[in-house]
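The residues making up each chain are set out below.
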Amino acid sequence: MARWCYRHRLVVLLLWVGALFGLAVTASGAGTNYANVFSLPDTDSKRAYDLMEKAFPERAGDTDTVVWKVDEGSVRDDAVRSRIAPALAEIGRMEGVGEVTDPYGARGAAQISRDGRIAYAQVTFAEQADAVPKELVQDVVDTAKDAAGDGLQVELGGQAITRVQEPPTGTAELVGILAAAVVLFVAFGSLFAMLLPIVVAVFGVGTGMFGTQLLSHVTDVPELASLLATLIGLGVGIDYALFIVTRHRRGILRGADPEEAAVTALNTSGRAVLFAGGTVCIALAGMLVTNLRFLDGVVIGTSLTVVLSVLAAVTLLPALLGLLGHRVLSRRQRRRLAAQGPETEQASGLAARWAAGVQRRPRSVAVLAVVLMAALAVPLLSLRLGTVDQGNDEASTTTRKAYDLLAEGFGPGFNGPLQVVVDGEASPSLVTAVERTEGVAQVAAAPPANGVTVLQVVPTTSPTDERTDRLIDTLREDVIPGAGAEAHVGGVTAVSKDFASVTGDRLPLFVATIIGLGFLLLLVAFRSLVVPLTAALMNLLAAAASFGVLVAIFQWGWGLDLLGLGKEGPIAAFLPIIMLSLLFGLSMDYQVFLVSRMHEEWVHTRDNARAVRVGLAETSRVINSAALIMVCVFLAFVLSGDYGAAMAGVGLAAAVALDAFILRTALVPAVMHLLGTSNWWLPAWLDRRLPHLAVEPKEDTAKAAPEPRTPGASSVVHGFVRTADGEPVDGAAVTLLTAGGRQLDRVVSLADGAYILSVPGPGTYLIAVTATPFASRAAHVTVSDGPTVYDVELAVGDMDPVN
C-alpha cells in the first residue's frame, strides 16, 4: 500500500483534497445539529427534572441575566431607572428574545438587593443557548452595556452570554500548530519535513471534524465531541506522522532510495502507528461502559478523527514523501550525504549516554522517578468532583463580574438555587422544615402548576462549595423524609452533584476495562506477561500524578492567576473519564514505540540489558519530541476561552509530559533492567494459544539477500569491539559484506563496545571493523539459523590481512 501511494502520489493527494473540501462543503451546507443530551437515569435530580418539565413545559429557552450596580444611591432612583428601563425594553423587542423580567414591575421587588444597590433582570431567549444566534446575543450585550457609566456598572451572565466572550474559534488550534511547527523545525532542521506532520494532521482533523458535524444529524453528538476530537486529532496526527517521517529520513541518510525508505518506514513505524491508533480507539471506546449516554457521541467523534488521522499517516504521508524526494532532508544533510556518503546507523549523543546511565544505575533512577511521581500524586487525595460555573471564569469577563455581583447582592447561593419538587401540593411542615435547615438562606414556594409544587431553595454557600453538597444530602436523607413528604431535590447544582457521584461510582469499572483491554493488546503484541503488567502499573501512576497536578492547579488554585484561568473550584466531573481514556490511549502509543524496538532487539540477541539500552537510546528522542509537540497542542487549549477545555488541556499536557519524560524515558527502562529476562516470560501453553501479531517487523527484511543464503531464513551477528586490554571501543564502524564484497549492513559500536548486524540468512559473510587510531580488522564469519556471537579485538598499528 505504501509503495502504491508513493508511486501514485498525485492521485492520492487529489483524493484527500477532494475528500476534505467535499466534506467541508457538505458540512457547511448541512450545518451542525449538536445535541447536548444529558441524562442521569435513576437519580433524584432526574426525577425532579421530569416533574419540572411537567409543571413548566413552556420554559424551553435559555434564561440569561442582566445585573447592574450603583456606586451611590439606589437602583430605584429615576436617574438609574431612566437608563436601564429603555435598554431592557429594547432588548425585549429584539427578534429571538421571548421575555424580559425586570425589577421595576409589580412582582420585581425580589430582584433588588436589600441595600438597594444591586438589581437584575432575566432575559429569556426563544431557543437554548447553543441555538441562539451570536449576533443576537452580541446585540443584547451591547444594548445593556450602553446604559453603563457615571457610577452605574452593568454586567451580563448566562450560557448564551458565554458564547460571545470566547476567543475566535480556531485560536487554540492555531497556537498549538505553530508551537508544534517550532518543535518540528528544531527536530528536523528542514521546512518541508516540518510541514509534513502538520499537513497530515490538518487533513486528519479536518475530515474528522466535518465528518462529526455530518454525523450529528443522524445521532446524538454533543458539541464537546468536536472540541475533544480536535484536541486529540492534532496530537496523534502530528505524532504519528513524526514517527514515520523520522524513520524515512533515517533510511535516506543511510543510503536508501527515497521510495524504498518510504516503504520501509511505513512497513515498520507505519505498522506501529496502526497498532497505536487502534489502542487509542479502544481506550476511547472504554467510555461506553460507564453507560453515560452523552459520552456515546464523544466516542464517535473522537474515534472517527483518530481513525482518519491514522489513515492520513499511512496513505497521504507516503504520497507527500514521494513529492518531496530527497528534499525531506535539510540542505546541510543533502550536501553531507552527497559528499560523505551514507551515514551509519547509530544511537549517539545524549540519548545513548542516558540509556547507558539508566543501565548502570537502574535502582537509583527507579527510586527517583517513583518518589517524584508519588509526590505529584499526593494532591489527588483531596480530589473533589463537581461542575464548574461562571464563578470560575477569569475575573475580567462580564459573566464572572455578573456572578460576583449577584453573590454580593443576594448571597453566594443565589447563583445555584436548589429546587425541591413535590408531585402535588407542598405541606406546610415541609416548607417549615426546609426553612429551618442549616445552610438554607431563603425558601420561596411557587403556586402549584399542573399538579406540581416547586420550592425555590437558596443555600447560604456557593454552588461549588462542598457545604452545598452536604446540604443536598441533608435535604434528601433527613429533612424531606422527616417531614413525611415525597419530594425530589433538583436544579443545576443538584444535577452536578449527582453526575459527580455517578461518575465516581462507575470510574473503577471504566479503569478496569481500559487497563484490561490494554493488557491483552500488549500481551499479544510482545508475547510477555510482565511487559503489559508493567505498562498497566505505569499508566495508573501517570494518571494519579497528572490528576494530582490538576487538583493542585484548579482545585487548590496554584498558578491559576499565572495561567489566567479564573477561580479555583472542583474538578469537572466529566474530566476523569475523558482524560483517562485519552491518557491510556496515548501512553500506550509511547509504550508500543519504546517496547517494540526493545522487543526486536531481544528477539535478535536474547540479551535483555542490551535490548533495553538500545531500545531506549534509539526511541527516546523521537518519543520526547512527539510528547513535547502534544504538550504544546494541549496547553494551547488554555486559550480556548472554555474553562473545561482549559482544564482538560492542562491535565492532558501534564499527563503526557510525565508519561514520556519520566515514565517511558526513566522508570520503564529502569524497571526492565531490574527485572532482567523476566520481562519476556510467557508460559509455553499461553504462547501456543496466542495469535501472532507483528507490530514492527525487522527493518532489514527489505534488504537484498546475500549470494549464499537459505530462502526464508534470517539471523544476526552480534558481539563486542574491545582493545587487547579488554577496554570497550566506542564508535567503531562494523560492516557486514557478502563473500563477493557487497555491503549488507553497517553499524557503529556503542559506549560498551557492543554492536549488532542484521543478516538476511545463513551463510558465510565478511565482517570489517575500523576505528581510529586502531588498524582495520576483518574476518569471515559463518552464520547458522540462530544469532552468531563474534567479538573483535583491535590493536594500534596492527594489520589483519584478509585472504
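Residues numbered from 1 in each chain as written. Predicted model: local features only at pLDDT ≥ 70, side-chain atom pairs only at ≥ 80, totals over all residues. Heavy atoms only, no water.

### As for the overall build of the protein chain
Of the regular secondary structure elements, the protein chain holds 24 helices and 18 strands. In terms of overall dimensions, the protein chain has a C-alpha envelope of 110 × 55 × 45 Å along the principal axes. Looking at the protein chain residue by residue over its 803 residues, the buried ones come to 56%. For the protein chain, restricting intrachain contacts to residue pairs at least 6 apart in sequence, the fraction spanning at least 24 positions comes to 77%. Taken as a whole, the protein chain presents about 33700 Å² of accessible surface, with 57% of it coming from carbon and sulfur. Across the protein chain, the centroid of the 60 positively charged side chains sits 10 Å from that of the 77 negatively charged ones. (Helix = DSSP H or I, 4+ residues; strand = E, 2+ residues; numbered from the N terminus. Buried < 20%, exposed > 50% of the residue type's maximum accessible area, 1.4 Å probe, protein only. Contact = heavy atoms within 4.5 Å. Areas by Shrake-Rupley, 256 points an atom, 1.4 Å probe, with all protein chains shown as cover. Lys, Arg positive; Asp, Glu negative; His and termini not counted. Charge placed at Lys NZ, Arg CZ, Asp CG, Glu CD.)

### Describing the sheet that holds strand β15 (residues 763-771)
What the four strands build is an open sheet, ordered β13-β12-β15-β16; its pairing is antiparallel. This sheet does not close on itself; its edge strands, each paired only once, are β13 (743-748) and β16 (774-783). Direction aside, the axes of adjacent strands within the sheet are offset by 20 degrees on average. (Pairing = 2+ DSSP bridges. Axes fitted to C-alpha atoms, helices over the stretch in contact; angles between N-to-C directions.)

### Considerations on the pairing of strand β9 (residues 487-490)
Every second residue of β9 is oriented toward a common face, with Ala487 and Val489 on one face and His488 and Gly490 on the other, all of them buried. In this sheet, β9 lies alongside strand β6 (residues 418-423) in antiparallel orientation, the contact comprising four bridges. Bridge pairing in β9 links Val421 to His488.

### Concerning the pairing of β15
Looking at chain direction, strand β12 (residues 733-737) and β15 are connected through five bridges and run antiparallel. Within β15, the residue paired with Leu736 across the bridge is Ile767. Where β15 meets β16, eight bridges bridge the pair, whose relative direction is antiparallel. By the bridge assignment, Tyr765 is partnered in β16 with Val781. Linking β15 back to β16 in an antiparallel pair, the connection comprises two residues.

### Some words on the state of the cysteines
As used in these notes, a disulfide is a covalent bond between sulfur atoms, one from each of two cysteines. Under the definition given, this model contains zero disulfides. Between Cys281, a free cysteine, and Cys5, which holds the nearest cysteine sulfur, the sulfur-to-sulfur gap is 20 Å. (Disulfide = S-S within 2.5 Å.)

### Here we look at the environment of Val511
Among the structural elements, Val511 can be located in helix α18 (residues 492-526). Taking the relative accessible area as the measure of exposure, Val511 reaches 17% and is therefore buried. C-alpha of Val511 to C-alpha of Glu568: the two residues are 57 residues apart in sequence and 27 Å apart in space. Every residue in contact with Val511, bar those within four places of it in the chain, is listed here: Leu540 and Leu580.

### Comments concerning the pattern of salt bridges
Per the counting criterion, the structure on display carries 16 salt bridges. Among the salt bridges present, the one from Asp473 reaches Lys497, with a minimum N-O distance of 2.9 Å. With Asp473 in helix α17 (residues 466-482) and Lys497 in helix α18, the pair connects residues that are 24 residues apart, well separated along the chain. Of the charged contacts, one joins Arg476 and Asp498 as a salt bridge, the two residues approaching to 2.8 Å between their closest N and O atoms. Here the residue Arg476 occupies a position in helix α17, and Asp498 occupies one in helix α18, the gap between them amounting to 22 residues. (Salt bridge = Lys/Arg side-chain N within 4 Å of Asp/Glu carboxyl O.)

### What about the sheet that holds strand β8 (residues 452-459)?
Strand order in the open sheet made by the four strands is β7-β8-β6-β9, with antiparallel pairing throughout. On the outer flanks of this sheet lie β7 (440-445) and β9, each paired with one strand and no other. Averaged over all adjacent pairs, the angle separating strand axes in this sheet is 25 degrees, with direction ignored. Sheet topology places β7 next to β8; five bridges connect them, and they run antiparallel. Bridging across to β8, Gln442 finds its partner in Val458.

### Regarding a negative patch on the surface
A contiguous patch of negative charge on the surface is contributed by Glu90, Glu135, Asp139, Asp142 and Asp146. By residue number, the principal contributor to the negative patch is helix α5 (residues 134-146), which donates four residues. Structurally, the position occupied by Asp142 is in helix α5. (Patch = residues over 30% accessible without salt bridge, like charges linked within 9 Å, V, L, I, M, F, W, Y side chains within 5 Å.)

### What about the nonpolar core?
Membership of the largest hydrophobic core comes to 163 residues, with the highest contact counts inside it found for Tyr240, Met287, Phe554, Leu580 and Tyr590. Sort the elements by how many residues they give to this core and helix α23 (residues 643-675) lands first, with 21 residues. With residues near it in sequence (within four places) discarded, Leu580 still touches Leu507, Phe510, Val511, Ile514, Ala543, Phe547 and Leu575. Membership of the second largest hydrophobic core comes to 29 residues, among which are Ala121, Val141, Leu152 and Ile161. (Core = buried A, V, L, I, M, F, W, Y, C linked by side-chain atoms within 4.5 Å.)

### Re the environment of Phe499
Structurally, the position occupied by Phe499 is in helix α18. For Phe499 and Thr43, which are 456 residues apart along the polypeptide, the C-alpha to C-alpha distance reads 8.9 Å.

### With respect to the confidence of the model for the protein chain
Residues shown with low pLDDT carry predicted positions that ought not to be read at fine detail. Here the protein chain averages 84 in pLDDT, and 92% of its residues register 70 or above. Averaged over each element, pLDDT in the protein chain is lowest for helix α20 (residues 560-563) (75) and highest for helix α14 (residues 362-377) (95). Here residues 698-713 is modelled with pLDDT under 50, and outside its nearest four sequence neighbours on either side it reaches 39 contacts, counting other chains as well. Low confidence marks residues 798-803, where pLDDT is under 50. Its contacts with residues over four positions away, or in another chain, come to 11 contacts. (pLDDT = per-residue confidence, 0-100.)

### A short note on the packing of aromatic side chains
What characterises a pair of aromatic rings is the spacing of the ring centres plus the angle enclosed by the ring planes. Taken as a whole and judged by the stated rule, the model has eight aromatic pairs. Aromatic pair Trp16 and Phe203: ring centres 6.3 Å apart, planes at 85 degrees, arrangement edge-to-face. With a gap of 187 residues between them, Trp16 in helix α2 (residues 9-30) and Phe203 in helix α8 (residues 191-215) connect regions that are remote in the sequence. The exposure classification of Trp16 matches that of Phe203, with both residues buried. Taking 5.2 Å as the distance between ring centres and 85 degrees as the angle between the ring planes, the aromatic pair formed by Tyr120 and Phe410 counts as edge-to-face. (Phe/Tyr/Trp six-rings, centres within 6.5 Å; stacked < 30°, edge-to-face > 60°.)

### As for the packing of α14 against α23
Interaxial distance between α14 and α23 falls to 8 Å at its minimum, and their mutual angle equals 140 degrees. In terms of orientation, α14 and α23 fall into the oblique class. Where α14 crosses over α23, the handedness of that crossing is left-handed. From α14, Pro362, Arg363, Val365, Ala366, Ala369, Val370, Leu372, Met373 and Leu376 reach across to α23, where they touch Leu658, Ile662, Leu663, Ala666, Leu667, Ala670, His673 and Leu674. In terms of residue class, the contact of α14 with α23 is made up of 15 nonpolar, one polar and one charged. (Parallel < 35°, antiparallel > 145°, perpendicular 65-115°, else oblique. Left-handed = near helix turned anticlockwise from the far one by under 90°. Nonpolar A, V, L, I, M, F, W, Y, C, P; charged D, E, K, R; others polar.)

### Details of a nonpolar patch on the surface
Judged by side-chain polarity, Phe185, Leu191, Phe192, Leu195 and Val199 come together as a nonpolar surface patch covering roughly 410 Å² of accessible area. A per-element tally of the nonpolar patch places α8 first, with four residues. Inspection of the secondary structure assignment puts Phe185 in helix α7 (residues 171-188). Judged by its relative accessible area of 41%, Phe185 is partly exposed.

### A few points about helix α3 (residues 44-55)
Here α3 is 12 residues long and its end C-alpha atoms lie 17 Å apart, about the 16 Å a rise of 1.5 Å per residue gives. Every buried residue belonging to α3 is among Asp44, Ser45, Ala48, Leu51 and Ala55, and all of these are buried. The buried residues of α3 occupy one face: seen down the axis, they fall within an arc of 120 degrees. As for α3, its buried residues are in contact with β6, β8, α17, β9 and α18. (Expected span 1.5 Å × (residues − 1). Arc of directions from axis to C-beta.)

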